[in-house]
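One letter stands for each residue in the lines below.
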Amino acid sequence: MWQTRGFIVDKNLVKLAKMLQEKGIDCTIPESEDSEQICSIALESDRVFITSNLKLFNRKSVMMRCCVHFKDNPYKQFMALKSYFSFD
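For clarity, every value in this text was computed on a predicted model and none was experimentally measured. Numbers given for residues are sequential positions, taken from 1 along each chain in its written order. In keeping with the predicted nature of the model, local features appear solely for residues at pLDDT of at least 70, side-chain atom pairs appear and are counted solely at 80 or more, and the whole-chain, interface and lining totals rest on all residues. In computing side-chain properties, one takes all heavy atoms of the structure into account and sets aside hydrogens as well as water.

1. Structural notes on the packing of helix α1 (residues 14-22) against helix α4 (residues 74-85)
Condition: Throughout, an axis means a line fitted to C-alpha atoms (over the contacting stretch in the case of helices), and angles, computed between N-to-C directions, take values from 0 to 180 degrees. In this text, helices come from DSSP runs of H or I with a minimum length of four residues, and strands from runs of E with a minimum of two, each type numbered from the N-terminal end. Here the angle decides the label: under 35 degrees means roughly parallel, over 145 means roughly antiparallel, 65 to 115 means roughly perpendicular, and every other value means oblique. Here is the rule for handedness: rotate from the far helix to the near one, and if that takes an anticlockwise turn smaller than a right angle the crossing is left-handed, while a clockwise turn gives right-handed. Throughout, a residue-residue contact means that at least one pair of heavy atoms, one from each residue, lies within 4.5 Å. Classification used: nonpolar for Ala, Val, Leu, Ile, Met, Phe, Trp, Tyr, Cys and Pro, charged for Asp, Glu, Lys and Arg, polar for all others including Gly.
Where α1 contacts α4, the axes come no closer than 9 Å and their chain directions differ by 55 degrees. In terms of orientation, α1 lies oblique with respect to α4. Handedness of the crossing formed by α1 with α4: right-handed. Where α1 approaches α4, its residues Lys-15, Leu-16, Met-19 and Leu-20 are matched on the opposing element by Pro-74, Tyr-75, Gln-77, Phe-78 and Leu-81. Residues belonging to the contact of α1 with α4 are distributed by class as follows: seven nonpolar, one polar and one charged.

2. Examining the nonpolar core
Here is the rule we go by: Put simply, buried Ala, Val, Leu, Ile, Met, Phe, Trp, Tyr and Cys residues joined by side-chain atoms within 4.5 Å make one nonpolar core. Relative accessible area decides the class of each residue, using a 1.4 Å probe on protein chains only: under 20% of the type maximum gives buried, over 50% gives exposed, and in between gives partly exposed.
Core analysis: the largest hydrophobic core is formed by 15 residues, its most contacted members being Phe-7, Leu-16, Leu-20, Ile-50, Phe-78, Leu-81 and Phe-87. If you list the elements that add at least two residues to this core, you get β1 (7-9), α1, β3 (48-51) and α4. Here this core gets four residues from one element, more than from any other, and that element is α1. What Phe-78 contacts, discounting residues up to four positions off in sequence, is Leu-16, Met-19, Leu-20, Lys-23, Ile-25 and Phe-87. Counting five residues, the second largest nonpolar core, distinct from the first, contains Ile-8, Ile-38, Cys-39 and Ala-42.

What follows is the structure in structure tokens.
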């Protein structure tokens with residue numbers, strides 16, 4: 001099982017975040033739509049930042065990040081995360 005204080009998503013992945021929350025997985029949906037600010041929140045709260053933005057994913061900041069394919073539907077995104085992080 002993965003060890004994290006939870007996830008935080010960017011503005012494009014709200015449906016995925018809601019799916020995670022429905023499954024009882026700690027996932028924050030920030031009020032801010034500013035991706036830089038979301039990165040800061042992820043760092044401060046020690047959360048895995050889930051994004052569909054490759055530019056953000058490739059940043060050199062020291063944080064756990066995960067990138068999902070934007071064009072996939074939320075169910076496929078969820079299944080990819082489930083497989084990668086090994087949660088039920």
